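# Chains, contacts and geometry: an overview
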Amino acid sequence: MPRLFFIFFVGLLVSCNSIYTSKKEGYFKIDFPKKQYTTFNEPGYPYTFEYPVYAKIAKDSSYFLEGAKNPYWINIEFPTFNGTIFISYKKIGGISDYKVKDAEGKYHDSTGINNFEKMVNDSYNLTYKNDVKAYSIEDSLMHTPNGITGVFFKVSGNVATAKQFFLSDTTHHFLRGALYFDATPNEDSLRPVNDFLQQDMKHLINTLRWKQDGHN
């Protein structure tokens, strides 16, 4: 009996001092819909593209603290994923309302001409606003099948927007897109949805065409 008790006691000590291994953090499995697309080709708009059938398009008049006189700005909303691709458009050489930040950090209304170089710089500045939380920012030059050039941004880290882009012909049209989620930024939990919707962003980019005077 003492021997059996000793063996039991040693076994108990071994089991109590064994290394504890924590379980990896897991996330709910997401059932993604089948990839299917429809065409956005509204009368009067200077652009057309294909977007997913599981998204809906709503008009947007305010974006990144800029003015409300932007009739061609839209939101591509993904209700299932609490995500939105914000699309802004400006005619190069046209006039737009801006919010300008003064030395005291206050914003004031201002009117300015849409200069191509300025809009490119603004796009980079908006992307690099994530610099504090991002551990890397990659920008890739794009040339689409429809002959449009642009830049795609991939931001890594717990940031509000991990996918952004802009497209332009440098003379008439400038369009920018950014994917946001109505959720606390968490790169690991959002990665599957980010990757899924990145495919839709790339499809939008590759099917985008400019229209002349709002017509095909």
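Above this text sits the structure in question.
Residues numbered from 1 in each chain as written. Predicted model: local features only at pLDDT ≥ 70, side-chain atom pairs only at ≥ 80, totals over all residues. Heavy atoms only, no water.

The helix and strand inventory of the protein chain stands at three helices and 12 strands. For the protein chain, buried positions account for 38% of its 216 residues. Expressed as a percentage of contacts within the protein chain between residues at least 6 apart in sequence, the contacts between residues at least 24 apart total 50%. As displayed, the protein chain has an accessible area near 13400 Å², and 55% of this comes from carbon and sulfur atoms. (Helix = DSSP H or I, 4+ residues; strand = E, 2+ residues; numbered from the N terminus. Buried < 20%, exposed > 50% of the residue type's maximum accessible area, 1.4 Å probe, protein only. Contact = heavy atoms within 4.5 Å. Areas by Shrake-Rupley, 256 points an atom, 1.4 Å probe, with all protein chains shown as cover.)

Let's shift gears to helix 2 (residues 116-127). The first and last C-alpha atoms of helix 2 sit 17 Å apart over 12 residues, in line with the 16 Å expected at 1.5 Å per residue. Within helix 2, the full set of buried residues consists of Met-119, Val-120, Ser-123, Leu-126 and Thr-127. For helix 2, the arc enclosing every buried residue in end-on projection is 125°, short of the 170-degree limit, so these residues lie on one face. Near the N-terminus of helix 2, the side chain that reaches the backbone nitrogen of Glu-117, with its oxygen 3.0 Å away, is that of Asn-115. (Expected span 1.5 Å × (residues − 1). Arc of directions from axis to C-beta. Polar contact = N/O pair within 3.5 Å; in protein donor to acceptor, adjacent residues only side chain to side chain.)

What follows concerns the packing of aromatic side chains. Under the counting rule described, the total for this entry stands at 21 aromatic pairs. Look at Tyr-47 and Phe-49: their rings are 6.0 Å apart centre to centre, the planes differ by 15°, and that puts the pair in the stacked class. Comparing Tyr-47 with Phe-49, the two get one shared label, buried. Among the aromatic side chains, those forming a connected cluster through ring pairs are Phe-40, Tyr-45, Tyr-47, Phe-49, Tyr-51, Tyr-72, Tyr-89 and Trp-210. Between the NZ or CZ atom of Lys-35 and the centre of the ring of Phe-196, over which it lies, the distance is 3.4 Å. Of note, Lys-202 hangs over the ring of Phe-152, and the distance from its end group to the ring centre comes to 4.7 Å. (Phe/Tyr/Trp six-rings, centres within 6.5 Å; stacked < 30°, edge-to-face > 60°. Lys NZ or Arg CZ within 6 Å of the ring centre and 35° of its normal.)

If you look at the biggest cluster of nonpolar residues, it comprises 32 residues, and the most contacted ones within it are Tyr-47, Phe-49, Ile-87, Phe-165 and Leu-208. Counting only elements with at least two residues in this core, the list comes to strand 2 (47-52), strand 4 (74-78), strand 5 (83-91), strand 10 (163-168), strand 11 (173-181) and helix 3 (187-207). Looking at which element gives the most residues to this core, the answer is helix 3, with seven residues. If we ignore the near neighbours within four places in the chain, the residues touching Tyr-47 are Phe-40, Tyr-72, Ile-74, Ile-87, Tyr-89, Leu-175, Leu-208, Arg-209, Trp-210 and Lys-211. With seven residues, the next largest nonpolar core counts Ile-92, Met-119, Val-151 and Phe-174 among its residues. (Core = buried A, V, L, I, M, F, W, Y, C linked by side-chain atoms within 4.5 Å.)

Attention now moves to unusual backbone geometry. Positive phi is not limited to glycine here, since Asn-82 has a value of about 55°. The phi torsion at Thr-170 lies on the positive side, around 70°, for a residue other than glycine. Note that Thr-170 resides in the loop between strand 10 and strand 11.

It is worth spelling out the sheet that holds strand 1 (residues 37-40) at this point. In space, the three strands of this open sheet follow the order 1-2-12, with antiparallel pairing throughout. Each edge of the open sheet carries a strand with a single partner, namely strand 1 and strand 12 (209-210). (Pairing = 2+ DSSP bridges.)

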